[in-house]
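What follows is each chain in one-letter form.
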Amino acid sequence: MNPIDRRLFLAGTAALSATPLIARTRVEVPTPAAVNPLVKQRADAQVFRHEDGHYYLTGSVPEYDRLVLRRSKTLAGLATAEEAVLWRHEKTGPLSGFIWAPELHQIDGRWTMYFAAGPSGGGEDVFRIRTYAIVCDGPDPMTGRWKLLGQFQAPWDSFNLDSTSFVHKGRRYFAWAQREPGIETNSNLYIAPLASPLKLAARATRLTIPTLDWETGGYKVAEAPAVLHRNGRLFMTYSASATDARYCLGLLTAPEDADIMDPDAWVKSQQPVFTSCPETRVYGPGHNSFTVDEKGRDILVYHGRDYEAIKGDPLFNPDRHTRVQRLYYKADGTPDFGVPVGNGPLPERFASAVDPRALLAHDGTRLIAGNPSLPATQFRQTAGRAGPQSIMLSPILLPDHYLLAGKDGSVTLARNDRSADFAMRSQFVRFSDDRSNTVRFVSIAVTGKALAAVGKEIRLAGSRDATARWIAD
Ligand code: AHR
């Protein structure tokens, strides 16, 4: 062990012994809920938590030649879960080329996987993409035998893809992307109730045409609808523009009691709700789905690359990785998508137990107790160097900066300059207090002191002081 690490380890041990373990207080060893990217090279990911308690993940593979499925007891476990191949594209014919964007649903008790497929053979014909479904012959989608059910009977014989299905007020609906004859776009969004898995029960309603600048970057695209029912509303996200760094999420919102077949019931956000973020190094975030974590908290699932420049056609770049992050809500109940949080353990937010409106936040490189924006309140906890319990805290928007404790009681943000001083002052131990459901970050460098929100300031305070207690979310 090098001298710095030895000194750190001893300091970490001293901090642990110097901090009284209040009843039902325990050191919380950093074990992230999940680490991004969750699954490499799985684009268009659908993740859902089934009533059987398992998480299922499917998505497009870079080869676009097969339908795959993963299952795990935990969200994080999807990263290493075994992947079953349910079906492979055919040797010839209309399903022998690209296989895109599968979604798994249980419809009338039968596992059904929708997907888009096209013929092989090269030229423009490979984009003769249509929607199909396969069905499983048994209760276990991972081990059952799958066979082609047939082709979706779309309103027109034209490019259609990215279907999803959801139940609203007891009725099952289908939403998908399609090119409509007479409209010069790649795809628009449509919705209709289903009479059976591949047959609509009513004339389709067109929900949106890509017309805004952020929808028409490279290609005029509205695709990949995903529906979330929360706070008295239906939120339908969709993906727009070319699949490079311009790819982003748009949002349609309808009251839960509206006639969702009425296009006027849906209000379109004029701005994108989720876009590339150079600060966190995630580009082209999109083709999302929604799930919940093990605590039932909403999770946004999407794909994104961790570099911007792409050589060649982005459609054939394999690095659209599956990513997940918490989905929070604004005071008015609408989702706050924030920014893609970047590679590494999922970040958290820490609200002062004294005044929950004051969160650990930053304004540039200045730490504040406030709530300037969701991204400015998201901090990533990573393993420290002062023993197995030590951690470091870093804001997602400044991933190369860390919180440093000062002997003068200050707490600042600074880059790692590889100094012994930085190594010591950036180390904290996270204590959890089950009784108050709060956490404390005790400094290893400044004995008996912990991270605190004092008014609008972030400082050190006595490790047992109320201002040093945080509600992690
Ligand atoms: O990833 C393949 C296709 O590209 C998806 O179906 C679509 O959402 C994206 O544009």
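Keep in mind that what you see is a predicted model, and the values were worked out from it rather than measured. (Residues numbered from 1 in each chain as written. Predicted model: local features only at pLDDT ≥ 70, side-chain atom pairs only at ≥ 80, totals over all residues. Heavy atoms only, no water.)

Here the focus is the overall build of the chain. Helix and strand content of the chain: 2 helices and 37 strands. Relative to the 2.2 N^0.38 estimate, which gives 23 Å for 473 residues, the radius of gyration of the chain is 24 Å and therefore close to what a compact globule would have. Each principal axis of the C-alpha atoms in the chain carries an extent, and together these give about 70 × 45 × 45 Å. Partitioning the contacts of the chain with sequence separation of at least 6, the portion at a separation of at least 24 is 52%. Element-wise, carbon and sulfur atoms account for 50% of the exposed surface of the chain, whose accessible area totals about 19500 Å². Computed over 56 positive and 51 negative side-chain charges, the inter-centroid distance for the chain is 5 Å. (Helix = DSSP H or I, 4+ residues; strand = E, 2+ residues; numbered from the N terminus. Rg over C-alpha atoms; globule rule 2.2 N^0.38 Å. Contact = heavy atoms within 4.5 Å. Areas by Shrake-Rupley, 256 points an atom, 1.4 Å probe, with all protein chains shown as cover. Lys, Arg positive; Asp, Glu negative; His and termini not counted. Charge placed at Lys NZ, Arg CZ, Asp CG, Glu CD.)

Right, let's get into the side chain of Asn317. As for its position among the elements, Asn317 is in the loop between strand 21 (298-305) and strand 22 (321-326). Within the local environment of Asn317, its side chain forms a polar contact with the side chain of Tyr307, the two groups lying 2.7 Å apart. Ignoring anything within four residues of it in the chain, the contact list for Asn317 reads Arg305, Tyr307 and Ile310. (Polar contact = N/O pair within 3.5 Å; in protein donor to acceptor, adjacent residues only side chain to side chain.)

For the rest of this paragraph, the subject is the sheet that holds strand 3 (residues 43-49). Note on sheets: strands pair through backbone hydrogen bonds, and any given pair is parallel or antiparallel. The strand order across the open sheet built from 4 strands is 3-4-5-6, with neighbouring strands paired in antiparallel fashion. What marks the edges here is a single partner per strand, and that holds for strand 3 and strand 6 (83-88). Going from strand to strand, the sheet's axes swing by 20° on average, the running direction of each strand aside. (Pairing = 2+ DSSP bridges. Axes fitted to C-alpha atoms, helices over the stretch in contact; angles between N-to-C directions.)

This next bit is on the sheet that holds strand 20 (residues 283-292). With antiparallel pairing, 3 strands are arranged side by side in an open sheet as 20-21-22. The open sheet has two edge strands, strand 20 and strand 22, and neither has a second partner. Neighbour-to-neighbour, the strand axes of this sheet turn through a mean angle of 30°, independent of strand direction. As paired elements, strand 20 and strand 21 share 6 bridges and run antiparallel to each other. Counted as the bridge partner of Val292 is Asp298 from strand 21.

What follows is about the site of the ligand. Taken together, Asp44, Tyr64, Trp100, Ala101, Leu161, Asp162, Glu223, Thr243, Tyr247, His287, Leu315 and Arg320 are the residues near the ligand. Measuring from an oxygen atom of the ligand, one finds a side-chain N or O atom of Glu223 at 2.5 Å. Mapped by element, the contributors of at least two residues to the shell around the ligand are strand 7 (99-107) and strand 11 (160-168). Considered class by class, the residues forming the shell around the ligand number 6 nonpolar, 2 polar and 4 charged. (Near = heavy atom within 4 Å. Nonpolar A, V, L, I, M, F, W, Y, C, P; charged D, E, K, R; others polar.)

With that settled, consider the nonpolar core. In this structure, Trp100, Leu189, Ile191, Met236, Ile260 and Trp266 are the most contacted members of the largest nonpolar core, which totals 42 residues. Of all the secondary-structure elements, those providing two or more residues to this core are strand 7, strand 8 (110-117), strand 11, strand 12 (171-178), strand 13 (188-196), strand 17 (233-240) and strand 18 (248-255). Each residue touching Trp266, except ones within four places of it in the same chain, is listed here: Ile191, Leu207, Leu234, Met236, Leu252, Thr253, Ala254 and Ile260. Core analysis: the next-biggest nonpolar cluster, separate from the first, contains 33 residues, Ala358, Ala386, Ala405 and Ile458 among them. (Core = buried A, V, L, I, M, F, W, Y, C linked by side-chain atoms within 4.5 Å. Buried < 20%, exposed > 50% of the residue type's maximum accessible area, 1.4 Å probe, protein only.)

Scanning the entire structure with this criterion turns up 24 aromatic pairs. Ring geometry for Phe48 against Trp111: centres 6.4 Å apart, planes inclined by 35°, an arrangement best described as tilted. Highlighted residues: Phe48 in strand 3 and Trp111 in strand 8, separated in sequence by 63 residues. For Phe48, a relative accessible area of 16% gives the class buried. Ring geometry for Phe274 against Phe337: centres 6.4 Å apart, planes inclined by 50°, an arrangement best described as tilted. (Phe/Tyr/Trp six-rings, centres within 6.5 Å; stacked < 30°, edge-to-face > 60°.)

Attention shifts here to the domain arrangement of the chain. Parsing the chain into structural domains produces domain 1 (3-30 + 346-472) and domain 2 (37-344). Taken together, both faces of the contact between domain 1 and domain 2 bury some 1100 Å²; the carbon and sulfur share is 64%. Among the residues of domain 1 in contact with domain 2, Leu346, Leu374 and Arg380 are the three that bury the most area, contributing 44% of the side total. Taken together, the connections running from domain 1 to domain 2 amount to 0 salt bridges. Counting across the domain 1 and domain 2 interface gives 2 residue pairs in polar contact (both at pLDDT 80 or more). (Domains from an automatic or database assignment. Buried area = accessible area lost by both parts, 1.4 Å probe. Salt bridge = Lys/Arg side-chain N within 4 Å of Asp/Glu carboxyl O.)

Another aspect to go through is the environment of Gly286. Of note, Gly286 is situated in strand 20. Among the residues examined, Gly286 registers a relative accessible area of 0% and is labelled buried. Spatially, the C-alpha atoms of Gly286 and Thr243 are 8.5 Å apart, while their sequence positions differ by 43 residues. Leaving out residues up to four positions away in the same chain, Gly286 has contacts with Ser239, Tyr247, Leu249, Tyr302 and His303.

For the structure shown, the criterion picks out 26 salt bridges. Here Arg42 and Glu83 are joined by a salt bridge, their closest N and O atoms 2.7 Å apart. Of the two residues, Arg42 sits in the loop between strand 2 (35-36) and strand 3 while Glu83 sits in strand 6, which places them 41 residues apart along the sequence. Arg42 sits in the buried class, given a relative accessible area of 9%. The partner of Arg128 in a salt bridge is Asp157, with the nearest N and O atoms 3.4 Å apart. Of the two residues, Arg128 sits in the loop between strand 8 and strand 9 (130-136) while Asp157 sits in the loop between strand 10 (146-151) and strand 11, which places them 29 residues apart along the sequence. Judged by its relative accessible area of 57%, Asp157 is exposed. Put simply, Asp293, Arg297, Arg326 and Asp473 are held in one network by salt bridges that share partners.

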